[in-house]
Every structure is written in C-alpha cells, then in structure tokens.
Amino acid sequence: MSVQVPGIYTIEIIYRGIHQRHLARNLARGIAYAARMAGNVALSYQRYGDDPERDGSPAKYFVVIAKGASEEVLDAEAARVEPDYVDASIVLDDSILKGVESWAWQGIQPVHLKLRPSGLLIVISKRNPDELIKFIPSRDSPYTLVVAYGERSIGDFWTFQDDGTVERVLGAIARVLPNVLSLDDVKKYLGSLDKPSERINRALEAYQSLVKLREVKPGEGLPYKYEPPHLPGWKDMMIGAAIPGLKPNQRNPYFTGGTAKHYRPVINFDKCIKCSLCWEYCPDSVFDVTPDGYFNPALAYCKGCGICAEVCPVPDTIIMVDEMEFEDGYGKFIDEYKAWKESKEAYRKWFESLLPKAQIISVRKR
Ligand code: SF4
Ligand code: SF4
C-alpha cells in the first residue's frame, strides 16, 4: 500500500456496469462539483468503459479531492488505472458485497480490497449493518461500515433513473465525512440543480435518519483470502497458441462471472419437464446437463439475466431470487441439483421459502 498523500482524499464508487453506470457517473461528478464549489480542487474518472459494463459486472468510478494540495498533485494521483488505496468506498448495490470481479483474470476481490485501514465502506441497502457483515470478507484492519438506507437502483440501462440515490449518498457523505463535504457544501451543490428543494430534502432525510454506522473489527466477517488466480503463461500454451476445446459441462475456471448478478435462478427440479429450453437460451452456457437429463445452473458463470426463467414453459419452475437471500458467494455457490438429489424434501421446502421473494421476475415473466 502506498503512502497517503497529505491533503488528498480518494473515494471509490463501485457500481454495476449498465445497470448503474449513469448513476455512478452522476454521483462521482456531483461529489467533485460539490467539492469544487466548496473551494477545493477535485476530479472524477472512470476505470472501465467496456466489457465489465456490458454484463452488470462491478465496475468503478473514482473521485480525487485535493484539500489544500495543488491541482498538480491531484493530477498525479488521478494519473493511474486505479488508486492503491481509497479513503472511502461507496457500494451502490448491496449484492456487490458478494465479490468484485471487475476483470475475470483478477479473480473475485473483496469489496474493500482498496480501502485504507479505518476507512469507510458506504453501502446502499435496506439491510442493517449486522446482516451485511455476513456477506463481507474479514480483513486484518478495522473499518467503518455505513449503510445509507434505500432500494438499490437498477433501472439505468440507457438512461439515468433519477430516484434520489445521488442525493441519499451525498447526505450520507455529509454525515460521515464532514471534513470532505459538509452538509452546507451538499446543499449548495444540490441547490444549483433543477428541483433543488426536492433534492436537498432527500439529502437531509438521509443525513438525519437514514444512515447507520457500525465499527468492524479486524477478523470480523467471512473468512476469505484474496489471491489473484495464477494464469497460464506463454510457455504453457500449446504449439501455435492453440486453445483446446472444452468438453460438455466444462468451463474455463479463470473466467467466471458469478458476481455480476443481482438475482440468481433457482430450479424446481420436481416440476421440470426436461424440455431443455433453459439450456438452449442461456446466453452464457451456464447449464450443465445432468446424467438424468435435468439442467443444473453453474452459478459461478451466471449473469442473472433471467432469460432462463422467462423461457421455461412450466410456471414457477425457474424463479429468480435476490442474491442477498444466499449467504454463499465469493466463488462458492450452492450446487442446486446436488442439494435436490441429497434431500428432495428439504430442497422443496427451501424452494417454497424462496417463492415469495421471487416476485419481481415472476411479474416480468408473466
Ligand atoms: S439467469 Fe439464466 S439465462 Fe441468464 S445467465 Fe443465468 S442461467 Fe443463464
Ligand atoms: S426450461 Fe424449465 S422445464 Fe425446461 S428444462 Fe429448463 S427448468 Fe426444465
């Protein structure tokens, strides 16, 4: 970890590409504008502009604020692919807490990998901090988990969904980082936009009542040690750099994408008629064919698009359920078919317990 540059404050915004791209951009710009209006120098920049954004993978924006440092120092800090550390990470969607897999060859990183010791992890969620800890890996230094209460914003495919998330996060920042942006700074910035009183009220509401804090001690959270995968070097390649074809039910272990999803498919094997439509339509070839002809999703490769649930001809045989209903992740996903084979009765109860939580996709499906 590099040494902290005096007077420089760095914020990372982790968002889902496509789903939250405009939201992240507007938030990053808003923080930078507010900091500039308060007399600091600040800029925002994006790390990714292509592939991870296409499939909903976690991607990153950064804001660098120089409080007392010169514009040149700020430029030097921003002139890198991503900072070595950040003072605060803002996570726009609590399901990202299950891992950041921005580039597949970096493996599944902890969401707070870049967070400086004693930094702030700010998460948009409707869950309380104690619930969220179950999804966050432990680390050997303390940090503060901050929950800015609210729905995740995922309606951002091509246009910005102005649902108050930007204001809510700005209110949370004013509450927990007053040395970076005060409430007056936030009000001044929001007052310069359209619908100023509505925006300021949203930020005030977050500031006054919707922010929860929890100090997280070293060792608290999931046991997970991040190690980038060891990729094959050029000497490991076959002659002519040929790439061997994969057999059915095989996949490249280095290129997973399981952290790209808000929702996952859960299969009711008891109702499945083995029509194979889910297997045929899945754009990521996620389904393995089982020896008895069922189709089992390899969840480490699923992007959560819901197409399998849409094409399945038997109602409520594939349901899409919020990722945060499952305390797995970080590369370890339940094997649904195996669980069903082990105990059909227990699996059926589990499936039925998930049905009420699958309403969003059920509505879309029908
Ligand atoms: S949601 Fe279904 S169709 Fe979409 S990637 Fe996952 S398994 Fe494939
Ligand atoms: S689409 Fe539905 S019914 Fe058809 S194989 Fe897949 S899970 Fe079974």
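The notes below deal with the structure included here. (Residues numbered from 1 in each chain as written. Chains lettered and ligands numbered in written order. Predicted model: local features only at pLDDT ≥ 70, side-chain atom pairs only at ≥ 80, totals over all residues. Heavy atoms only, no water.)

1. Regarding the layout of surface pockets
Taken as a whole, the largest pocket spans an internal volume of roughly 440 Å³. Lining the largest pocket are 15 residues, with P232, I243, P244, N252 and Y254 sitting closest to its centre. Residue classes in the lining of the largest pocket are distributed as twelve nonpolar, two polar and one charged. (1 Å grid on protein atoms, 1.4 Å probe; cavity = no way out; pocket = protein on both sides within 12 Å on 5 of 7 lines; lining within 4 Å. Points joined across faces, edges and corners; volume = space filled by probe spheres on them. Nonpolar A, V, L, I, M, F, W, Y, C, P; charged D, E, K, R; others polar.)

2. Re the site of ligand 2
Around ligand 2 lies a shell formed by C272, I273, K274, C275, S276, C278, F295, C312, P313, T317 and I318. In terms of residue class, the shell around ligand 2 is built from eight nonpolar, two polar and one charged. (Near = heavy atom within 4 Å.)

3. A look at the environment of C272
Position of C272 relative to the elements: it lies in the loop between β8 (263-267) and α8 (277-281). Separated by 22 residues in the primary sequence, C272 and Y294 have C-alpha atoms spaced 7.5 Å apart. (Helix = DSSP H or I, 4+ residues; strand = E, 2+ residues; numbered from the N terminus.)

4. A short note on a nonpolar patch on the surface
Side chains of W105, L231 and F255 sit close together on the surface and give an oily, nonpolar patch of about 280 Å² of accessible area. With respect to the helices and strands, the residue L231 is situated in the loop between β7 (211-216) and β8. A relative accessible area of 32% places L231 in the partly exposed class. (Patch = residues over 30% accessible without salt bridge, like charges linked within 9 Å, V, L, I, M, F, W, Y side chains within 5 Å. Areas by Shrake-Rupley, 256 points an atom, 1.4 Å probe, with all protein chains shown as cover. Salt bridge = Lys/Arg side-chain N within 4 Å of Asp/Glu carboxyl O. Buried < 20%, exposed > 50% of the residue type's maximum accessible area, 1.4 Å probe, protein only.)

5. Describing the nonpolar core
In this structure, I13, L27, I31, I90, L92, L170 and L181 are the most contacted members of the largest nonpolar core, which totals 43 residues. Sorting elements by how many residues they give to this core places helix α1 (residues 21-37) first, with eight residues. Not counting residues up to four positions away in its chain, the partners in contact with I13 are A24, L27, A28, I31, A59, K60, Y61, V63, I90 and L92. With 32 residues, the next largest nonpolar core counts F295, Y301, C308 and F351 among its residues. (Core = buried A, V, L, I, M, F, W, Y, C linked by side-chain atoms within 4.5 Å. Contact = heavy atoms within 4.5 Å.)

6. Topic: the site of ligand 1
Close to ligand 1 lie P265, C282, P283, V286, F287, C302, K303, G304, C305, G306, C308 and M320, which account for all nearby residues. Classifying every residue of the shell around ligand 1 gives nine nonpolar, two polar and one charged.

7. Digging into unusual backbone geometry
It is generally the case that most residues other than glycine have a negative phi and that most peptide bonds are trans. In this model, I18 sits at a positive phi of 65°, which is unusual for a non-glycine residue. If you trace the backbone, I18 turns up in the loop between β1 (8-16) and α1. Among the residues examined, I18 registers a relative accessible area of 8% and is labelled buried. For S118, which is not glycine, the phi dihedral falls at a positive 70°. Inspection of the secondary structure assignment puts S118 in strand β5 (residues 115-125).

8. Some points on the packing of α1 against helix α5 (residues 165-176)
Where α1 meets α5, the closest approach of the two axes is 10 Å, and the angle between their N-to-C directions is 40°. By the criterion of interaxial angle, the relationship of α1 to α5 is oblique. The interaxial crossing formed by α1 with α5 has right-handed handedness. Taken together, the residues of α5 that come into contact with α1 (itself represented by L23, N26, L27 and I31) are T165, V166, V169, L170 and I173. (Axes fitted to C-alpha atoms, helices over the stretch in contact; angles between N-to-C directions. Parallel < 35°, antiparallel > 145°, perpendicular 65-115°, else oblique. Left-handed = near helix turned anticlockwise from the far one by under 90°.)

9. Quick word on the side chain of R16
Summarising the element assignment, R16 is placed in strand β1. On the basis of relative accessible area, R16 is assigned to the buried category, the value being 0%. Of note is the side chain of R16, whose polar atom sits 2.8 Å from the backbone oxygen of T259. Leaving out residues up to four positions away in the same chain, R16 has contacts with R21, G56, S57, P58, D93, S95, I96, T259, A260, K261 and H262. (Polar contact = N/O pair within 3.5 Å; in protein donor to acceptor, adjacent residues only side chain to side chain.)

10. So, the packing of aromatic side chains
If you walk through the whole model with that rule in mind, you get 14 aromatic pairs. Taken together, a centroid distance of 6.4 Å and an interplanar angle of 40° make the contact between Y294 and Y337 tilted. With Y294 in the loop between β9 (287-289) and β10 (295-297) and Y337 in helix α10 (residues 336-342), this residue pair connects regions lying 43 residues apart in the sequence. Its relative accessible area of 13% is what places Y294 among the buried residues. Across from the ring centre of Y301, 5.3 Å away, lies the NZ or CZ of R251, which sits over that ring. (Phe/Tyr/Trp six-rings, centres within 6.5 Å; stacked < 30°, edge-to-face > 60°. Lys NZ or Arg CZ within 6 Å of the ring centre and 35° of its normal.)

11. Quick word on α1
Counted at 1.5 Å a residue, the expected span for α1 with its 17 residues is 24 Å, and the 24 Å between its end C-alpha atoms agrees. The inward-facing, buried residues of α1 contact β1, β2 (41-46), β3 (58-66), β4 (86-91), α5 and α6 (183-191). One or two steps after α1, the chain reaches G39, where phi turns positive at roughly 95°. (Expected span 1.5 Å × (residues − 1).)

12. What about the packing of α6 against helix α7 (residues 196-209)?
Their axes nearest at 8 Å, the elements α6 and α7 cross at an angle of 155°. Regarding the angle of α6 to α7, the classification is roughly antiparallel. Of the two possible hands of crossing, α6 and α7 adopt the one that is right-handed. Residue-level contacts link L183, V186, K187, L190 and G191 of α6 to P196, R199, I200, A203, L204 and Y207 of α7. Across the contact of α6 with α7, the residue classes break down as eight nonpolar, one polar and two charged.

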